[in-house]
Amino acid sequence: MPRALITGITGQDGSYLCELLLSRDIEVHGLVRRTSSLDRSRLNHLFSDPAIYGRRLFLHYADLDDPTTLRRVLLKVAPDQIYHLAGQSHVGLSFEIPESTCEMTAMGTLRLLEIIRDLPKPVRLFHASSSEIFGQPAICPQDENTPCAPVNPYGCAKAFATQMVGVYRKAFGLFACNGIMFNHESPRRGENFVTRKICHAAAAIKRGLQKELPLGDTSARRDWGHARDYVRGMMLALEHDQPGDYIFATGQLHSVQDVVERAFATVGLDWREYVRLDPRFMRVAEPSNLAGNAARAKQILGWEPVISFDEMIIEMTRAELAALA
Amino acid sequence: MSKKALITGITGQDGSYLAELLLSKGYEVHGIIRRASTFNTGRLDAIYADPHSAKSRLFLHYGDLSDASALSRLIGRIQPEEVYNLAAQSHVRVSFDSPEYTTDITATGVIRLLEAIRETGIRPRFYQASSSEMYGKVREVPQTETTPFYPRSPYACAKTYAYWITVNYRESYGMHASNGILFNHESPRRGETFVTRKITRAVALIKAGLQDKLFLGNLDAKRDWGFAREYVEAMWLILQQDQPDDYVIATNETHSVREFLEVAFSHAGLDWQNHVAIDERYYRPAEVDLLIGDYSKARAKLGWEPKTKFIDLVKLMVDSDVQALSDQLAGKVKPNH
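Residues numbered from 1 in each chain as written. Chains lettered and ligands numbered in written order. Predicted model: local features only at pLDDT ≥ 70, side-chain atom pairs only at ≥ 80, totals over all residues.

Visitor: Can you tell me about the overall build of chain B, naming the residues and giving the values?
Guide: Within chain B one finds ten helices and 13 strands. In terms of C-alpha radius of gyration, chain B reaches 20 Å, essentially the compact-globule figure of 20 Å for 337 residues. Dimensions of chain B, computed from the C-alpha atoms along their principal axes, are close to 60 × 50 × 40 Å. The proportion of buried residues among the 337 residues of chain B is 49%. For chain B, the share of sequence-separated contacts (at least 6 apart) that also reach a separation of at least 24 residues comes to 79%. (Helix = DSSP H or I, 4+ residues; strand = E, 2+ residues; numbered from the N terminus. Rg over C-alpha atoms; globule rule 2.2 N^0.38 Å. Buried ≥ 20, exposed ≤ 12 C-beta atoms within 10 Å, placed from the backbone. Contact = placed C-beta atoms within 7 Å.)

Visitor: Mind laying out the sheet that holds strand β1 (residues 3-7) of chain A, listing which residues take part and the relevant values?
Guide: Residue and element names in this part refer to chain A. The strand order β3-β2-β1-β4-β5-β6-β11 describes an open sheet built from seven strands, whose pairing is parallel. Of all the strands in the sheet, just β3 (57-61) and β11 (245-248) have a single pairing partner and so form its edges. Each neighbouring strand pair of the sheet contributes to a mean axis angle of 20°, computed without reference to strand direction. Pairing geometry for β1 and strand β4 (residues 81-84), over four bridges, is parallel. Residue pairing across strands places A4 opposite Q81, the latter belonging to β4. Helix α6 (residues 153-172) rests against β5 (124-130) and β6 (175-181) of the sheet, and its axis sits at about 150° to β5. (Pairing = 2+ DSSP bridges. Axes fitted to C-alpha atoms, helices over the stretch in contact; angles between N-to-C directions.)

Visitor: Please set out the sheet that holds strand β5 (residues 125-131) of chain B residue by residue, giving values where relevant.
Guide: Residues and elements named next belong to chain B. Spatial ordering of the open sheet is given by β3-β2-β1-β4-β5-β6-β11, a layout of seven strands whose pairing is parallel. Each edge of the sheet is formed by a strand with only one pairing partner; in this case those strands are β3 (58-62) and β11 (246-249). In this sheet, adjacent strand axes meet at a mean angle of 20° when their direction is disregarded. Of the strand pairs in this sheet, strand β1 (residues 4-8) and strand β2 (residues 28-33) are connected by five bridges, and their pairing is parallel. Residue pairing for β2: A5 is matched across the bridge by V29. The sheet strands contacting helix α5 (residues 154-173) are β5 and β6 (177-182), and the helix crosses β5 at an angle near 155°. The sheet strands contacting helix α7 (residues 228-240) are β4 (82-85), β5, β6 and β11, and the helix crosses β6 at an angle near 160°.

Visitor: Describe the interface of chain B and chain A, naming the residues involved and giving the relevant values.
Guide: Contacts between chain B and chain A engage 27 residues on the former and 27 residues on the latter. Looking at the side of chain B that touches chain A residue by residue, the classes come out as 15 nonpolar, six polar and six charged. (Nonpolar A, V, L, I, M, F, W, Y, C, P; charged D, E, K, R; others polar.)

Visitor: With reference to specific residues and values, describe the nonpolar core.
Guide: Within the largest apolar cluster, 160 residues are counted, with the highest numbers of intra-cluster contacts made by F160(A), F248(A), Y161(B) and I249(B). If sequence neighbours within four positions are ignored, F160(A) has contacts with A106(A), A107(B), C157(B), T160(B) and Y161(B). In this structure, A202(A), V256(A), A263(A) and I313(A) belong to the second largest nonpolar core, which totals 21 residues. (Core = buried A, V, L, I, M, F, W, Y, C linked by C-beta atoms within 7 Å.)

Visitor: Summarise the domain arrangement of chain A; cite the residues concerned and give the values.
Guide: A common measure of how large an interface is: the accessible area buried when the components associate. Residues and elements named next belong to chain A. Split into domains, chain A comes out as domain 1 (3-186 + 226-252 + 290-306) and domain 2 (194-220 + 254-288 + 313-323). Taking only C-alpha atoms, the centre of domain 1 and the centre of domain 2 are 28 Å apart. If you look at the interface, domain 1 gives twelve residues, while domain 2 gives nine residues. Considering each element in turn, the side of domain 1 that touches domain 2 owes the most residues, three residues, to helix α4 (residues 91-96). Each residue belonging to the side of domain 1 that touches domain 2 can be placed in one class, and the counts come to four nonpolar, six polar and two charged. (Domains from an automatic or database assignment.)

Visitor: Any details on unusual backbone geometry? Residues and values, ideally.
Guide: Trans is the prevailing form of peptide bonds, just as negative phi is the prevailing case for residues other than glycine. In this chain, C140(A) is followed by P141(A) through a cis amide linkage whose omega measures 0°. In this structure, D25(A) is a non-glycine residue whose phi angle is positive, near 60°. The residue D25(A) is located in the loop between α1 (12-23) and β2 (27-32) in this model. With 9 C-beta atoms counted inside 10 Å, the residue D25(A) sits in the exposed group. Phi at Q79(B) is positive, roughly 50°, even though this residue is not glycine.

Pasting the structure below:
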């Protein structure tokens, strides 16, 4: 049975990827950080299944700033594939904690590359890069040849990690891929990301648990896909015979306003009565014009997103409603 | 009261030239040095006076780009008007052997310094020593401030991160933070493991009959080589501008290692082909392409131009190493410079 190791397995993408790989009869190992609250809500359904946890799914304590432990776990697990999804992934927060963002997202990736370079058995690496590496690009849509020009500490760290993956592929012949992921959401998105925040608020207001929704700039537009589609792209990238870099995106732009309208319509409320502009949620340097051209992923990997924006927001809002029932 | 400048990397080639320049302009100069069991301040000997002397305007402080608290404390205490970040693990080939350390200092070190500045609330002007290595697999020739980066070594990836985070702090927090994108710059103070200095030192030793062979890597590698003493003037000029900005500093000429060998050996009356052998261990795992910098913007906005061109640069480096060796052999000591 092929073996995969996932960093960031407790996150949105990690949990979907874990399910996908298990469904393909791949044994999954995940790295988890020690915290005093054992919050692995996205994995609970797998963790509590005795047919899965301890048989086909294994979790190991490790941290991207602890190279000795990483090396020990990698040597013990000896995976065929590594999906590197861990990182301090919140753009707004990267202005609050820029050094640790750099430490985890940039240095953490490099440490992993260094360990992989020395492993006795060759392993395939997928690195989850981000459209934030492009910053505020002059050309839209972006593709794999668009220059990096990040505008926030998160984007700077991701650009570093992406370029380093390219260097290790070229210099040391590693099978290492970058997936340049545009925004991707789902019911498992972190609660402090704007889509989840809006869907949660619409449901909470509907249930009478919340009165209003403060938001930053709602005209900001993004290329938003569904995480379940995107983790399939990750797997396809590592199943191909050649390593490469791929854009994963829908190519469609939607505004925060579109999310608001779709979410509130799902619960049958008029958004105008509840949404309030709050400058505290404005980003310092706000990216715009980010839309991805995923033609290469389609041509080489046969990848295409299948879940539409509307379907996704409806699914997210209904999940919030169900959680608050 | 004199202006205060803080230099990281003050013990290096550029740091020592910059310290001299700033002292000559009346600055009080502070430098950060790392603790090591051997003294590494050789390049500063000429300008370092007893710190207890009232006239002393050069101060060295222990610190490290890996130590955020020390950086914060030093900046708060010194309150510099200008900060020049020249410190780095700056050797490209070594960055393939020691990539994590290179990144910790060359990339993460910069954000530690920027955060320390932001936290103290004083608003010094900030200079970041960026590098032509960021262009790597070049997207256009010659390279300008708008040429996209394509780094090809851990060093270059780290420098590219440092470049962007500097731009980001300028745009996000209104800092007067600028990048000088310096193409290769050499001098008699260049580190001995860099190819130019390795050649000129070997020429001196071969001429004196103390060495026969010189082992080198890729002789076809081409670079845009200028004179470090002139490049530090550009750093200072960049911080004197009203607006922060990014500038290419280069000669707009490119020459191969082979050409460097020809000029250096023939200047000493030697034929390089009799002495040079190839050692593939010195090849980089991934080489950069044709690096040649267009410095039009620096000329137009800073009034800066390189004066010492390739042939004169090679000759002055050979002359210096020949002189240093003969001083050393005559018992006047002080190797290196």
